[in-house]
Structures are given as C-alpha cells and as structure tokens.
Amino acid sequence: MPQTAAIPTAKVRLLPEREAPPYYGHLWVFDGHIAEVTGGPAAGDLVDVYTHQARFFGRGLYNPHSKIRVRLLTFQEEPIDEAFFAARLRSATALRRIVAASTNACRLVHGESDLLPGLVIDRFADVAVMQALSYGMDARKELLGELLVRECAVERVYLRHDAKSRTLEGLPLSKGFLHGDGPTTVNIQEGSARFTVDIAEGQKTGWFCQR
C-alpha cells in the first residue's frame, strides 16, 4: 500500500490573534494567520502548528500555494498514518449506517465535518466517488482509495477531480477510476425510490445525496 510520511517535516507558528476564541476548533489556518514557517515544507507535507508562545497547537497538511495554508487533521501529537486515516473512515462509515440506513447512497465523508478537511467522498451502492480538494489529500489518494475498499466495503473508487476549486490548490483537473473499472452509471435506492446516477458526468460527484 502506498505510504506518505507520518511525521511532520516542518513547524508553523501562529500569530497571536489566531489563538482567539472565535478560532477554537477551526481546522483552517490561513496564510494571514502565520507568523513563521521553519523547515521548508513542500505542498502536501505534514506539519506541526504551534501557538505564538511555542505550545503545540495541532498537526495538519501544508500547501504554500493555497490561501488555506494548513488544514488541520488533529489537535493531538499523533501519527498521521494508515491507521489514522483508516480510523477516520471507519468512524464516518459507522455514522452513516445510523443516519442513512434507508439508502445505499450517502455522503460518506464530508470534509471538515468528519475531521478530514479537503476530502469529499460520496457512496453510490458499491462505488465510492472521491474528490480530493486539497494538495495534502490528493497526495494521499492512493492510500485513501485502498482504505475505502478495505474499510468501507466498496468495490470501485472513482475520482471526480474536475472541481475548479482544485486549481486554487495548484492541482490539475481530471476524472477516472482509481480502483476497479466498469460502467459509470450506478443504480441506487432511497427508501422505495430508485435512481440511476452518472458518476462521470453528473453534477459534482454525480448526485445530491439526501443524507
């Protein structure tokens, strides 16, 4: 399975105002909130974020090309490795089993809401449609795709990397299967209703899920 570094490559120190109560729990660190970057991180690298007084603040994915300079994944000093992403995907899947029990189509991962900023995944029956909207998530798409197959019991993973917001991250636009192959139309059900989703040409990931 593809691997990326699970330890930070650099340090980011915040300006004092970024530590104010309005930002508590916020997963985005904008370029204007940063006092100093040490270590020369590249786009997609894992970095540690510190307060202005040099206390550990959080750990996240860095992109020097984006106004959102760091997307925080955790406020703990923990490895951001295969086990980390597997646990986040299991947690998201368990929640959807409860809130979307009457359908086989749902938003499986909703970015910041599932503590995976920059990542959107919709599930349509046995297909997961992924949008990696940040450089850090894009760099880990192979790992995420394999984890989706292993942890979420999908058979195919399709990339809808045609969202224009990717260009703000310095990422190209594309679409196609990451894992598996086959038709790009998928039959889904919501309660007693049945629909056909076009994952390649439908809007966004192909469908607006009710849950």
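Small disclaimer: the values here were computed from a predicted structure and weren't measured. (Residues numbered from 1 in each chain as written. Predicted model: local features only at pLDDT ≥ 70, side-chain atom pairs only at ≥ 80, totals over all residues. Heavy atoms only, no water.)

> Would you mind showing me how to read the packing of aromatic side chains here?
For the coordinates displayed, the defined rule picks out five aromatic pairs. Measuring from ring centre to ring centre gives 6.0 Å for Tyr50 and Phe56, while their planes differ by 90 degrees; the resulting arrangement is edge-to-face. Ring geometry for Tyr158 against Phe177: centres 4.9 Å apart, planes inclined by 85 degrees, an arrangement best described as edge-to-face. You can see Tyr158 sitting in strand β10 (residues 156-161) and its partner Phe177 sitting in strand β11 (residues 174-179), a full 19 residues away along the chain. (Phe/Tyr/Trp six-rings, centres within 6.5 Å; stacked < 30°, edge-to-face > 60°. Helix = DSSP H or I, 4+ residues; strand = E, 2+ residues; numbered from the N terminus.)

> I'm lost on the packing of helix α1 (residues 82-99) against helix α3 (residues 141-151) in this one. Help?
The description of two packed helices rests on the angle between their axes and on the distance between the axes. It is the contact of α1 with α3, at a shortest axis distance of 10 Å, that shows an interaxial angle of 50 degrees. Judged on the interaxial angle alone, α3 and α1 are oblique. α1 and α3 meet at a crossing whose hand is right-handed. Taken together, the residues of α3 that come into contact with α1 (itself represented by Glu82, Phe85, Ala86, Leu89 and Arg90) are Leu143, Leu144, Leu147, Leu148, Arg150 and Glu151. For the contact of α1 with α3, the per-class residue count stands at seven nonpolar, no polar and four charged. (Axes fitted to C-alpha atoms, helices over the stretch in contact; angles between N-to-C directions. Parallel < 35°, antiparallel > 145°, perpendicular 65-115°, else oblique. Left-handed = near helix turned anticlockwise from the far one by under 90°. Contact = heavy atoms within 4.5 Å. Nonpolar A, V, L, I, M, F, W, Y, C, P; charged D, E, K, R; others polar.)

> Can you walk me through the layout of surface pockets in this structure?
Take a probe with the size of a water molecule and roll it over the atoms, and the empty space left behind shows itself. As a volume, the largest pocket reaches approximately 250 Å³. Lining the largest pocket are Arg107, His110, Val120, Asp122, Gln131, Leu133, Ala163, Lys204, Thr205, Trp207, Phe208 and Cys209. For the lining of the largest pocket, the secondary structure elements donating two or more residues are β7 (105-110) and β8 (119-124). Of the residues that constitute the lining of the largest pocket, the class distribution is six nonpolar, three polar and three charged. In terms of lining residues, the second largest pocket is bounded by 14 residues, among which Trp28, Ile68, Arg71, Leu133 and Ser165 are the most central. Elements represented by at least two residues in the lining of the second largest pocket include exactly β6 (68-74) and β8. Among the residues forming the lining of the second largest pocket, the class breakdown is six nonpolar, four polar and four charged. (1 Å grid on protein atoms, 1.4 Å probe; cavity = no way out; pocket = protein on both sides within 12 Å on 5 of 7 lines; lining within 4 Å. Points joined across faces, edges and corners; volume = space filled by probe spheres on them.)

> What should I look at first to understand the sheet that holds β10 in this one?
Backbone-to-backbone hydrogen bonds pair the strands of a sheet. The strands run either parallel or antiparallel. Spatially, β7-β8-β9-β10-β11 is the arrangement adopted by the five strands of the open sheet, whose pairing is mixed. Two strands bound the open sheet, and with one partner strand each, they are β7 and β11. The mean inter-strand angle of the sheet, taken between neighbouring strand axes irrespective of direction, is 20 degrees. Summarising the sheet, β8 and strand β9 (residues 127-132) pair through six bridges and their orientation is antiparallel. Bridged to Val120 within β9 is Gln131. Contacting β7 and β8, α1 runs over the sheet at an angle of about 145 degrees to β7. (Pairing = 2+ DSSP bridges.)

> Help me understand the sheet that holds strand β1 (residues 10-14), please; the structure alone is not making it clear to me.
One open sheet holds the six strands; their spatial order is β2-β6-β5-β4-β1-β3, and the pairing between them is mixed. Whereas interior strands pair on both sides, the edge strands pair on one side only; in this sheet they are β2 (28-30) and β3 (34-38). Strand after strand, the sheet turns through a mean of 35 degrees between neighbouring axes, direction not considered. Relative to β6, strand β5 (residues 56-62) runs antiparallel, the two being bridged by four bridges. When the sheet's bridge partners are listed, Gly60 is paired in β6 with Leu72.

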